[in-house]
Structures are given as C-alpha cells and as structure tokens.
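Results of the structural survey
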Amino acid sequence: MTIKNLSINKSFGGWHKQYSHQSKTLNCTMRFAIYLPPQTANGTKVPVLYWLSGLTCTEENFMQKAGALRIAAQLGIAIVAPDTSPRGDDVADDEGYDLGKGAGFYVNATQAPWDRHYHMYDYVVNELPQLIEATFPVSDKRAIAGHSMGGHGALTIAMRNPERYTSMSAFSPISNPVHCPWGQKAFTTYLGSDMAKWREHDASELMRSATQFVPALVDQGASDDFLAEQLKPEVLQSAAKASGYPLALNLHEGYDHSYYFISSFIEQHLRFHATYLNE
C-alpha cells in the first residue's frame, strides 16, 4: 500500500510524522499521524498505542496538545493517531458537529448513504494496524486509548477484540451511548433502528457481559459540561462491578472535557499501557 509523507518533525529524539493513504475500507484518502520514539532509530521494533480522538478532531489534536511525546520517548512506545472519520468531497456529511465528517463514532455504518464510507471500526481494527506494522519499525503488541467519542471507540474496540490489545484507556468516554443524545443520534443514523446493533457498540453493555478482560483505565473530569447528559461514567462503573471487570475509574475535581485535562494525566495513561505492552 502506497503512503505519502505530509510532514515530519523531530521531537524528544524521535520523529512525529503525518501521512496520507488510500483506504480500501473507507473508500477515500485518509490521514494518520505517528510518533516513532528514538528507540526505533536502529530498527528496533516497539509496541504501539493507538489513540482515537473525539468529535470534530483530526489526527493532529492529540499529537499537538496532549504532551504525550516526551513520555512515549522515555517508554519506547510508538503512538498512532488516525483521523476521526472518512474525508472527501463525495463523503456523506451532516450540518451538525456530532454527525458525519469528524464524527465517525468508530462503527461500521449499515445505512445509506453512510455505508459507502463510514467503516471506522474495520479501519481501526484491521486496515490501519496492518499498514502500520508493514511500514514502520513496530511490533504487533497494541494498546488503545481515546477521548470522548474516541474513548467510546477505544473501550468498545478493545472489548470486542480482547486478543488484539494488551490494555485500554479513556478520558471522558461516551460510556453509555445507547442512552445519551450523541450516541442515539449517531447510532440511529449509522446503524438504523435495531437497538441490539447499538448495544454491540456500547461500552457499558459490553463491560457488563464481558467474560474476557482487557485491563482498563478511565479518567473523568468532575467539572465536565457533558458529564451527566452524554458521558455517564457511573453506568460504566456499575457494569464493571457486575462482571468483575478490571476497571480503574478516577473522577477528578475541577477538570473539564478539554486537552488541559488530558495533558494533566496522559503520563499516567502511558505508564499504565507500558506495564502491559512490555510484558
């Protein structure tokens, strides 16, 4: 598969790079960012943390704002951040910020016209890792993390594919999308009216019925404007207790939904993943 380098910047002894490629899964040109820590300079293969961003974001937000690269360089972990949706003039879109471009919700759409491009689940689980592992000095040891919509994606993808990920984490995830406005809007549009299909992409539903466990860390700001209506971490906590899921969920007073919050605790997340990636 041909990829095109768009930018390159040295950072903490490693390299941050942006690429584009033609995605067969999404039927469009996609972009992703990758940070290769200094340990890869001699060809050593390192594990990968896949980061999924939230509504309205691209592959750039996390790499530029989270302050993660210094710790990734220390720990010898590559970070891969895909875009949050398909892009292009012929890709279906919506006027709202919470649907369409920038709002792929990490599912495989089954409803027209969205089903032509919106297969972010397959892209993240299969196509992108295959591309990364065939192109860069990385191993097949993977962890996954994300924020908000991306936190929803990270948790659900890991729980649906426990053999593929050593660990999962999230900041302010949409924990119970079946019962919140963001999730209900996206799932109705992308998946149709069958709520059984919705529950297959609901972190709380998956955690409540799980029999295979992926170690999980979730951080949530107590002053997040979306906390009560959209995020519902208490439902995820209850689901973990019901199944005995290994979830550490931390509520932080005064923190909101922004990258000020993410950058305050990203080191803990990277060190959490390193524990399992380096086993």
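One numbering rule holds for all chains: residues counted from 1, following each sequence as written. Per-residue local features of the predicted model are confined to residues with pLDDT of at least 70, and side-chain atom pairs are confined, for both listing and counting, to 80 or more; whole-chain, interface and lining totals are unaffected and use all residues. With hydrogens and water stripped out, all remaining heavy atoms of the structure feed into the side-chain values.

Examining the overall build of the chain
Definition in use: Note on conventions: DSSP H or I runs of at least 4 residues are helices, E runs of at least 2 residues are strands, and numbering of each starts at the N terminus. Throughout, radius of gyration means the C-alpha value; the globule benchmark is 2.2 Å times the number of residues raised to the power 0.38. Buried residues are those whose accessible area, probed at 1.4 Å on protein chains only, stays under 20% of the maximum for their type, while exposed residues exceed 50% and partly exposed ones sit between those limits. Pairs of residues are marked as contacts when any of their non-hydrogen atoms sit within 4.5 Å. To measure how exposed things are, a 1.4 Å probe is used in the Shrake-Rupley method; for residues, cover is taken only from the protein chains shown. As used throughout, the charge tally considers Lys and Arg to be positive and Asp and Glu to be negative, leaving His and the chain termini uncounted. We put the charge of a Lys on NZ, of an Arg on CZ, of an Asp on CG and of a Glu on CD.
Of regular secondary structure, the chain possesses ten helices and nine strands. The globule rule puts the C-alpha radius of gyration for 279 residues at 19 Å, and the 17 Å found for the chain is close to it. Once the C-alpha set of the chain is aligned to its principal axes, its extents read approximately 50 × 40 × 35 Å. Evaluated residue by residue, the chain yields a buried proportion of 59% over its 279 residues. Of all intrachain contacts in the chain linking residues separated by at least 6 positions in sequence, the fraction that spans at least 24 positions is 71%. A total of about 11,000 Å² of accessible surface is found on the chain, and carbon and sulfur atoms cover 47% of it. In the chain, 22 positive and 28 negative side-chain charges are present, and the distance between their average locations comes to 7 Å.

Thoughts on the packing of aromatic side chains
The condition is simple: Stacked, tilted and edge-to-face are the three classes assigned to paired rings of Phe, Tyr and Trp, where Trp is represented by its six-membered ring and a pair needs centres within 6.5 Å; plane angles under 30 degrees give stacked, over 60 edge-to-face, the rest tilted.
Tallied over the full model, the rule gives 17 aromatic pairs. Geometrically, the ring pair formed by Phe32 and Phe136 is edge-to-face, given 6.3 Å between the ring centres and 85 degrees between the ring planes. With Phe32 in strand 3 (residues 28–36) and Phe136 in the loop between helix 3 (120–135) and strand 6 (138–147), this residue pair connects regions lying 104 residues apart in the sequence. When its relative accessible area of 8% is taken as the criterion, Phe136 is described as buried. Taking the centre distance of 5.6 Å and the plane angle of 45 degrees together, the rings of Tyr255 and Phe261 count as tilted. Among the aromatic residues, ring-to-ring pairing joins Trp51, Phe62, Phe171, Tyr255, Phe261 and Phe265 into one connected group.

Digging into the pattern of salt bridges
Operational definition: A carboxyl oxygen of Asp or Glu within 4 Å of a side-chain nitrogen of Lys or Arg is what we treat as a salt bridge.
Scanning all chains against the criterion turns up nine salt bridges. Where Arg31 meets Glu59, a salt bridge forms, and the shortest distance between an N and an O atom there is 2.8 Å. Residue Arg31 is located in strand 3, and its partner Glu59 is located in the loop between strand 4 (46–52) and helix 1 (60–65); the two are separated by 28 residues in the primary sequence. Residue Arg31 is classed as partly exposed on the basis of its relative accessible area, which comes to 31%. Exposure remark for Glu59: the relative accessible area of 2% places this residue in the buried category. The partner of Glu267 in a salt bridge is Arg271, and the shortest N-O contact between them spans 2.9 Å. Here Glu267 and its partner Arg271 are both found in helix 10 (residues 259–277), four residues apart, which amounts to about one turn of the helix.

Points about the side chain of Ser243
This is how the line gets drawn: Polar contact is defined as a pair of N or O atoms within 3.5 Å, subject to the rule that within protein one atom must be able to donate a hydrogen and the other to accept it, and that residues adjacent in sequence are counted only when both atoms are side-chain atoms.
Here Ser243 lies in helix 9 (residues 233–243). Within the structure, Ser243 has its side chain in polar contact with the backbone nitrogen of Tyr245 (distance 3.5 Å). Those residues within four positions of Ser243 in sequence are excluded, and the remaining contacts are Met207, Arg208, Ala210 and Phe213.

Digging into helix 10
Residue pairs spaced three or four apart in an α-helix point in one direction, given the helix's 3.6 residues per turn. Basically, it comes down to this: Bend, at a single residue, is the angle you get between axes fitted to the 7 residues ending at that residue and the 7 residues starting at it.
At Phe265, helix 10 shows its strongest bend, of approximately 50 degrees. Where helix 10 starts, the residue carrying a side-chain oxygen 3.1 Å from the main-chain nitrogen of Tyr260 turns out to be Ser258.

A word on the state of the cysteines
As a reminder, the rule being used: Criterion for a disulfide: a pair of cysteine sulfur atoms within 2.5 Å.
What the rule picks out here adds up to zero disulfides. In this structure Cys28 is a free cysteine whose sulfur lies 18 Å from that of Cys57, the closest cysteine sulfur available. Since its relative accessible area comes to 4%, Cys28 is described here as buried. As a non-bridged cysteine, Cys180 has Cys57 as the owner of its nearest cysteine sulfur, 17 Å distant.

A few points about the environment of Ser167
Within the fold, Ser167 resides in the loop between helix 4 (149–160) and strand 7 (168–171). In contact with Ser167, other than residues within four places in its own chain, are Arg142, Ala143, Ile144, Val214, Pro215, Phe272, His273 and Tyr276. Side-chain polar atoms of Ser167 contact the side chain of Thr166, separated by 3.3 Å.

What about the environment of Ile262?
Structurally, the position occupied by Ile262 is in helix 10. Classification of Ile262 as buried rests on a relative accessible area of 0%. Sequence-wise, Ile262 and Gly67 are 195 residues apart; in three dimensions their C-alpha atoms are separated by 8.7 Å. Ile262 has contacts with Trp51, Ala66, His147 and Phe171, leaving out every residue within four places of it along the chain.

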